[in-house]
Amino acid sequence: GADLTDGEVRKVDKEAGKVTLKHGEIKNLEMPGMTMVFVVKDRTMLDKVKAGDKVKFKVINDAGKFTVTEMQVVQ
């Protein structure tokens, strides 16, 4: 829905449980568009994405760590 942000996967690091996303503005965090590394809440989320995928994702500030809680590939 409205709380999902458009992004593009740049790198997937399954071992670290991290994903690098080039993203648009993240309104709920008041963050402008940029490319940065996020941790994912559940590493199995990374099984479904690869570099170059366009995604919609939700990220929260979990005690200072920007954590992706939801991510879906846009066809």
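Before any of the text, the structure's been laid out above.
Here the structure is a predicted model, which means the values were calculated and not measured. (Residues numbered from 1 in each chain as written. Predicted model: local features only at pLDDT ≥ 70, side-chain atom pairs only at ≥ 80, totals over all residues. Heavy atoms only, no water.)

J.: Got a minute to help me understand the pattern of salt bridges in this structure?
T.: Pairing is possible between side chains that carry opposite charge, provided their charged atoms lie close to one another. Under the definition given, this model contains seven salt bridges. Between Asp6 and Lys56 there is a salt bridge, with its nearest N and O atoms 2.5 Å apart. Residue Asp6 is located in strand β1 (residues 5–13), and its partner Lys56 is located in strand β4 (residues 54–62); the two are separated by 50 residues in the primary sequence. Owing to a relative accessible area of 29%, Lys56 belongs among the partly exposed residues under this scheme. Between Glu8 and Lys54 there is a salt bridge, and its shortest N-O distance comes to 3.0 Å. Of this pair, Glu8 sits in strand β1 while Lys54 is found in strand β4, placing the two residues 46 residues apart along the sequence. Among the charged side chains, a salt-bridge network with shared partners connects Glu8, Arg10 and Lys54. (Salt bridge = Lys/Arg side-chain N within 4 Å of Asp/Glu carboxyl O. Helix = DSSP H or I, 4+ residues; strand = E, 2+ residues; numbered from the N terminus. Buried < 20%, exposed > 50% of the residue type's maximum accessible area, 1.4 Å probe, protein only.)

J.: Explanation requested: the sheet that holds β1 in the structure shown.
T.: Adjacent strands of a sheet form backbone hydrogen bonds with each other and so pair up, either parallel or antiparallel. The sheet built from five strands closes into a barrel, its strands ordered β1-β2-β3-β5-β4 with mixed pairing. Averaged over all pairs of adjacent strands, the angle between strand axes in this sheet comes to 55°, irrespective of strand direction. Bridging between β1 and β4 involves four bridges; their strand directions are antiparallel. Within β4, the residue paired with Thr5 across the bridge is Phe57. (Pairing = 2+ DSSP bridges. Axes fitted to C-alpha atoms, helices over the stretch in contact; angles between N-to-C directions.)

J.: Got a minute to help me understand the side chain of Glu8 in this structure?
T.: On the basis of relative accessibility, which here comes to 18%, the residue Glu8 falls in the buried class. Within polar-contact distance, the side chain of Glu8 engages the side chain of Arg10 at 2.6 Å. Sequence-distant contacts of Glu8, defined by excluding residues within four places in its chain, comprise Thr20, Leu21, Lys22, Gly52, Asp53, Lys54 and Val55. (Polar contact = N/O pair within 3.5 Å; in protein donor to acceptor, adjacent residues only side chain to side chain. Contact = heavy atoms within 4.5 Å.)

J.: Could you clarify how one ought to interpret the packing of aromatic side chains in this entry?
T.: Summed over all chains, the structure comprises one aromatic pair. Centre to centre, the rings of Phe38 and Phe57 are 5.8 Å apart; their planes meet at 55°, and the pair counts as tilted. Here Phe57 lies in strand β4 and Phe38 lies in strand β3 (residues 34–40), a separation of 19 residues in the sequence. For the pair Phe38 and Phe57, a shared accessibility class is recorded, and that class is buried. (Phe/Tyr/Trp six-rings, centres within 6.5 Å; stacked < 30°, edge-to-face > 60°.)

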